[in-house]
Structures are given as C-alpha cells and as structure tokens.
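Okay, here's what each chain looks like letter by letter:
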Amino acid sequence: MPIPDPAAFILANTRLQPVPHAPEISLWLADEVTPIWRLTEDELGEMGLPPPFWAFAWAGGQGLARWLLDHPDEVAGKRVLDFAAGSGLVGIGAMKAGATSVLCADIDPFCAAAVALNAGANRVALGFTDGDLLDTPPPDVDVICAGDVFYERPMAERVLAWLSTAADRGVRVLVGDPLRTYFPKHGFDLLAEYEVPITRELEDSAVKRTRVWMLSARS
C-alpha cells in the first residue's frame, strides 16, 4: 500500500533528539515502541509487520557510528555503503567522519524519508536505495557498514554470505552488533567494545555491551 506522505508521518510521530552514544548526531526518533509500531501498521494497512527499525537508534548502529566518529581514517575519502540503514545513523557517522559518499540501503518503505530527514538534520548528503541488495552482487564501494543485522536466522545467513563475498573482493566490512543470537561465532576481528545506552523497550537491559568488528576475507 503506498504511503501518502512518509515524511509527514515521521515528523508527526517522532522528535529530533541526540543519539545517546553518538551525541554529535541527532535523529528523528520515537520515544516508545508500541505506539509507533501500531501507527506504522495502520499507515501501511498491514498487521504483523517487523518493528519500525528506522525509528530507533539500535545498539549496533550506535556502536558502529561511534567507532567511525572516533576513527575517521576508516572512511575518510572513501565510498561507503550503509547496509540495512534504518534511520541512516551509521551513514551519517561516516559522512561526518569524512566519507566521500554514502549510499544507504533499506527495504523498509519509511526509510527513504527517514534517511532524508535525518541527513538534513545533520547537514550531510546521503544517497538511498530501497532495492534488496542481497539479490545482487555487492556494489562497488570501499567500505560496507552493517549494524544490527544478525537478529533473525534466515536474514543472518543471507547477510553473512553477501558480506563475505564483499570482503573476499577487498571491501572493508565493518559490523556493529550486541552479540545477538545469530551473530556468527567465527570470521570477525574485534575492533572495539562499548557500553551503549538503549531503551528497555527495545532490549533486555538499559545498557547493551556492543562490539564493532571487521569481517575477515575467507581467502
């Protein structure tokens, strides 16, 4: 079902606020999960949808954005893909760290508007695609960033295979994850660990131990 005005929906149901673990960045975020989840389902005319990932600053994305802001050499002068971008948090962090360009990718129908609003709020330029990149070879970029993508088994398996293909081709793959159930046990080099504030409505604690990793090439 087409969304009449996703930007207006976001502005009416979120507020601009700093990201707890990366306060240099402000995003249009919801304060509570259930109300906006129900409103999203009403807006799309569909029940049983996944939570609106774009409306929250998840732990993995916060950790990854923090890493990029503190280590700008990771992305300065480089082309970056923010995979499963949600709000665009990581992409904004990459641009603030000096990336040449960032392409945000997400299949959620609200994400194009969310990324555009958040990019504007932070005075950066972000590209966007709503195509399912997992159905195509990894794009021609220097760095792929992926936060919070290992929360569900089928998705995790597809994402890991796709990211591994990119790493094998020489793309630097950075992942932020609070050790979710389906995070792979092998193949990653630890770069940093953070204690990330997060709402208890999203997670099982008010602070999530979150790690930033680099995916090793299989070859």
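Higher on the page you've got the structure.
Bear in mind the structure is a predicted one, so any value in this text is a computation, not a measurement.

> I keep staring at helix α5 (residues 111-121) and nothing clicks. Help me out?
Residues Cys 111, Ala 113, Ala 114, Val 115, Asn 118 and Ala 119 constitute the buried set of α5. The inward-facing, buried residues of α5 abut α1 (6-13), β2 (22-29), α4 (89-96), β4 (101-105) and β5 (127-129). After α5 finishes, the residue Arg 123 shows a positive phi value of roughly 55°.

> What am I meant to see in the sheet that holds strand β8 (residues 188-197) here?
To summarise the sheet geometry, strands pair through backbone hydrogen bonds and adopt either a parallel or an antiparallel arrangement. What the seven strands build is an open sheet, ordered β5-β4-β3-β6-β7-β9-β8; its pairing is mixed. Strands at the two margins of the open sheet, each flanked by one partner only, are β5 and β8. For this sheet, the mean angle separating the axes of adjacent strands, direction not counted, is 20°. Judged from the nine bridges that link them, β8 and strand β9 (residues 207-215) form a sheet pairing that is antiparallel. For Glu 193, the partnering residue across the bridge sits in β9 and is Arg 211. On the sheet, helix α3 (residues 59-70) packs against β6 (143-147), β7 (172-177), β8 and β9 and is oriented at approximately 110° with respect to β8.

> Just to check I follow, could you spell out the pairing of β4 for this structure?
Both faces of the sheet carry side chains from a regular strand, because those side chains alternate between them. Strand direction decides the pairing type here: strand β3 (residues 79-83) and β4, joined by five bridges, are parallel. Across the sheet, residue Arg 79 finds its bridge partner in β4, namely Ser 101. After leaving β3, the chain enters α4 and then returns to the sheet as β4, a path that is right-handed. The sheet contact formed by β4 and β5 spans three bridges and is parallel. Along β5, the bridge assignment pairs Cys 104 with Phe 128.

Cut-offs applied
Residues numbered from 1 in each chain as written. Predicted model: local features only at pLDDT ≥ 70, side-chain atom pairs only at ≥ 80, totals over all residues. Heavy atoms only, no water. Buried < 20%, exposed > 50% of the residue type's maximum accessible area, 1.4 Å probe, protein only. Helix = DSSP H or I, 4+ residues; strand = E, 2+ residues; numbered from the N terminus. Contact = heavy atoms within 4.5 Å. Pairing = 2+ DSSP bridges. Axes fitted to C-alpha atoms, helices over the stretch in contact; angles between N-to-C directions. Right-handed = clockwise from strand over helix to strand, strands pointing away.

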